[in-house]
Amino acid sequence: MHTANFRPLDVAAIRQDFPIFATEPPLAFLDSAASAQTPQPVVAAMDAYYDTYRSNIHRGIYRISEEATAQYERAREKVAKLINAPRARQIVFTRNTTEAINLVAYSWGSANIGEGDEIVLTVMEHHSNLVPWQMLAQRTGATLRFVEITDEGLLNFAHFRELLNEKTKLVAVTHVSNVLGTVNPLQSIIDAAHAVGAKVVVDAAQSVPHFRVDVQQLDCDFLAFSGHKMCGPTGIGVLYGKLPLLEEMPPFLGGGSMIRTVERDVSTYADVPAKFEAGTPSIAEAIGLGYAVDFITQAGLEAIHVHTQELLKYAHQRLQEIDGIVLYGPEPHQKAGVLSFNVEDIHPHDIAGILDMHGVAIRGGHHCAQPLMKKLDVIATARASFYLYNTLEDVERLHKGLRKAQELMLRRSRTVASTALRGENR
Amino acid sequence: MNIYQEELLDHYENPSNYGTLPNPDISHEEDNPLCGDRIRIDLGVEDGIIKKVRFSGHGCTISLAAASMLTEEIAGKSLAEVKQLSRDDILEMIGIPLGPVRVKCALLPLKVLKAGAYGITAWPGEEDA
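Residues numbered from 1 in each chain as written. Chains lettered and ligands numbered in written order. Predicted model: local features only at pLDDT ≥ 70, side-chain atom pairs only at ≥ 80, totals over all residues.

Caption draft 1: Fine view of the pairing of strand S6 (residues 199-203) of chain A. Residue and element names in this part refer to chain A. With 5 of 5 residues buried, S6 is to be regarded as a mostly interior element. Alignment of strand S5 (residues 168-174) against S6, held across 5 bridges, turns out to be parallel. Across the sheet, Leu 170 pairs through a bridge with Lys 199, a residue of S6. Taken together, S5, helix H7 (residues 186-195) and S6 form a β-α-β motif whose crossover is right-handed. Bridging between S6 and strand S7 (residues 222-226) involves 3 bridges; their strand directions are parallel. Pairing of Asp 203 across the sheet is with Ala 224, part of S7. (Buried ≥ 20, exposed ≤ 12 C-beta atoms within 10 Å, placed from the backbone. Helix = DSSP H or I, 4+ residues; strand = E, 2+ residues; numbered from the N terminus. Pairing = 2+ DSSP bridges. Right-handed = clockwise from strand over helix to strand, strands pointing away.)

If you want it as structure tokens, here you go:
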């Protein structure tokens, strides 16, 4: 069921905005979960800043600085609207998801987490939503608890409930797994966490680019995502926080822009969000992110989701035809955007290397999720990910490239059994 | 020229010196943090000469072929001579251009060898960095 104004993607028209696809044959770019391509309107918006109103923001008295400030703040409003944040000032610009989560871990974490407190994570977290909490736990004496996954690659919700107790101060969870593609039941997670008085940090790096995320409906306390996975530039990310939390939190980095008054020994701090945006920010990149929000909302987030679901379903179907392939994660309808797999006896680096020879870009490695690799009992996986500019033809070329990889790598029997698929525990 | 040449694939499919030594004089194992590939090298050394060498572990074509070629190269040589092997020597053995990620795959066996035999922990080519 689609909403009334649903309009399917015009993929051919969308691809016109990405000069990188202009070659023949076009690049089959299946690595958007790592970083998406940037459309021409986003690049043009950043060029316009550099060419016509390049200046620092906030304190300039002259016209182009006022223009830069207005564009930077306009981007904040666009991001706020995208995730339905009540106020634009609840949007803090960071470098990326990683910096946004570190901001929460240092600022909120150091003020609110102490010895004996528990932080609940899942085994499917990206290192960016794991290592900051390890570092916080080491500083404070708090304990990390990990929610396991089911054999299907879904979050074990019963286990999550078991881990929650009055000592749980924080739940840090990814909305969509960057390896399995699993869409977690975020609403139920947040409701259950709040029932024991815990705050919730959401890693939305893989969800905001793909479907509508509504922070008011979810009632999450913090939510982080990156510009570069949603058609924006690198170097710009977002932290959303509930206003009372952001207001109570101590600053993260000290410096210019984040102060109200500075004396020799003490300072008072600016209001949110300036309090968390010390130093000259990524101005062009923030403006570019605003245009990326325009780009994906004009395409339609619902249409993007429908399109990538179609690609994901087709990829599941085609890849399952390949002998010796293992697909990770749940069924396509429980996933968003990514498909991880291994082909028996071929190392993911070799899969990626051979596909590259055929103009297909995928990722092979641990995807910054080493605990999950261990859980899946693999060294690494190959991963194809899909976005609004991908086509069924891209999936066909992935399929064809995998067949070629098999022809090349499995010609003769090897004297040494490959361990590409084998983990330490097997 | 691509990285899936016959010679490399032959080393990958039928590597030389694959296995472990029962009582190695030197044994060292490391992984590549980029991809989790893991290589172990065992050496049997007499009077400063590498008499026996075996490698084991798991990895991609490049890391396993590089390990196979490296063990062929060092068998019978002195530890002093082997210490001189450089990043460029390995890349010459591989014989085809590699991107920065795959270069690490190629250099992992030499890194393991140098850490085990000489306590050199830096990546080959980055010793002075």
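So that's the structure; there's more coming.
Caption draft 2: Structural detail: unusual backbone geometry. Cis geometry marks the peptide bond from Glu 24 of chain A to Pro 25 of chain A, where omega comes out at -5°. Structurally, Pro 25 of chain A is set in the loop between helix H1 (11-16) and strand S1 (28-29). Residues Val 272 of chain A and Pro 273 of chain A are joined by a peptide bond in cis, for which omega reads 5°. The backbone of His 367 of chain A sits at a positive phi, close to 55°, despite the residue not being glycine. With respect to the element layout, His 367 of chain A can be found in the loop between strand S14 (363-365) and helix H13 (370-376). At Asp 47 of chain B, a residue that is not glycine, the phi angle is positive and equals roughly 50°. Residue Asp 47 of chain B is classed as exposed on the basis of its 7 C-beta neighbours within 10 Å.

Caption draft 3: A look at the nonpolar core. All names here are of chain A. Counting 127 residues, the largest nonpolar core has Ile 83 and Ile 287 as its most contacted members. If you tally residues by element for this core, the top one is helix H10 (residues 283-299), at 11 residues. There are two domains that each give this core at least three residues, and those are domain 1 (11-30 + 300-409) and domain 2 (43-297). In contact with Ile 83, not counting residues within four places along its chain, are Val 208, Val 213, Asp 214, Val 215, Leu 223 and Tyr 240. (Core = buried A, V, L, I, M, F, W, Y, C linked by C-beta atoms within 7 Å. Domains from an automatic or database assignment. Contact = placed C-beta atoms within 7 Å.)

Caption draft 4: Representation of the sheet that holds strand S1 (residues 26-31) of chain B within the structure. All names here are of chain B. Strand order in the open sheet made by the 3 strands is S1-S2-S3, with antiparallel pairing throughout. With one partner strand each, in any of the chains shown, S1 and strand S3 (49-58) form the two edges of the open sheet. Strand-to-strand twist in this sheet, taken as the mean axis angle between neighbours without regard to direction, amounts to 15°. For S1 and strand S2 (residues 38-46), the ladder comprises 6 bridges, and the chain directions are antiparallel. Along S2, the bridge assignment pairs Asp 31 with Arg 38. Docked against the sheet, helix H2 (residues 61-74) engages S2 and S3, running at close to 170° with respect to S3. Against the sheet, helix H5 (residues 100-118) contacts S1, S2 and S3, and its axis sits at roughly 135° relative to S1. (Axes fitted to C-alpha atoms, helices over the stretch in contact; angles between N-to-C directions.)

Caption draft 5: Fine view of H5 of chain B. All names here are of chain B. If you check H5, its first and last C-alpha atoms are 25 Å apart, about what 19 residues at 1.5 Å a residue would give, namely 27 Å. Maximum bend of H5: about 40°, positioned at Leu 107, with proline Pro 109 one to four residues after it. Looking at the residues trailing H5, positive phi occurs at Gly 119, about 70°. (Expected span 1.5 Å × (residues − 1). Bend = angle between axes of the 7 residues up to and from the residue.)

Caption draft 6: Just the sheet that holds S5 of chain A, in detail. Residues and elements named next belong to chain A. Judged by pairing direction, the sheet is mixed, and its 7 strands sit side by side in the order S2-S8-S7-S6-S5-S3-S4 without closing on themselves. Since the sheet does not close on itself, it has two edges, and those belong to strand S2 (91-94) and strand S4 (143-147), each with one partner. Sheet twist, expressed as the average angle between the axes of neighbouring strands with direction ignored, equals 20°. Across 4 bridges, the pairing between S2 and strand S8 (residues 237-241) is antiparallel. What sits directly across from Val 92, in S8, is Leu 239.

Caption draft 7: Examining the confidence of the model for chain B more closely. Of the residues in chain B, 97% have a pLDDT of 70 or more, and the chain-wide mean is 91. Interface confidence for the predicted complex, given as ipTM, is 0.82, next to a pTM of 0.91. (pLDDT = per-residue confidence, 0-100.)

Caption draft 8: Structural context of the packing of helix H11 (residues 301-319) of chain A against helix H14 (residues 392-409) of chain A. All names here are of chain A. At a minimum axis distance of 10 Å, the contact between H11 and H14 shows a crossing angle of 25°. It follows from the interaxial angle that H11 and H14 lie roughly parallel. Here H11 and H14 pass one another in a crossing that is right-handed. Contacts between H11 and H14 pair Leu 311, Tyr 314, Ala 315, Arg 318 and Leu 319 from the former with Leu 392, Val 395, Leu 398 and His 399 from the latter. For the contact of H11 with H14, the residue count by class is 7 nonpolar, 1 polar and 1 charged. (Parallel < 35°, antiparallel > 145°, perpendicular 65-115°, else oblique. Left-handed = near helix turned anticlockwise from the far one by under 90°. Nonpolar A, V, L, I, M, F, W, Y, C, P; charged D, E, K, R; others polar.)

Caption draft 9: View of the domain arrangement of chain A. Residue and element names in this part refer to chain A. Domain boundaries assigned for chain A yield domain 1 (11-30 + 300-409) and domain 2 (43-297). Between domain 1 and domain 2, the C-alpha centre-to-centre distance is 28 Å. Listed per partner, the contact involves 22 residues of domain 1 and 23 residues of domain 2. When residues of the side of domain 1 that touches domain 2 are traced back to their parent elements, those giving at least two are H11, strand S12 (338-343), H13 and strand S15 (381-385). With 4 residues, the single largest contributor to the side of domain 1 that touches domain 2 is H11.

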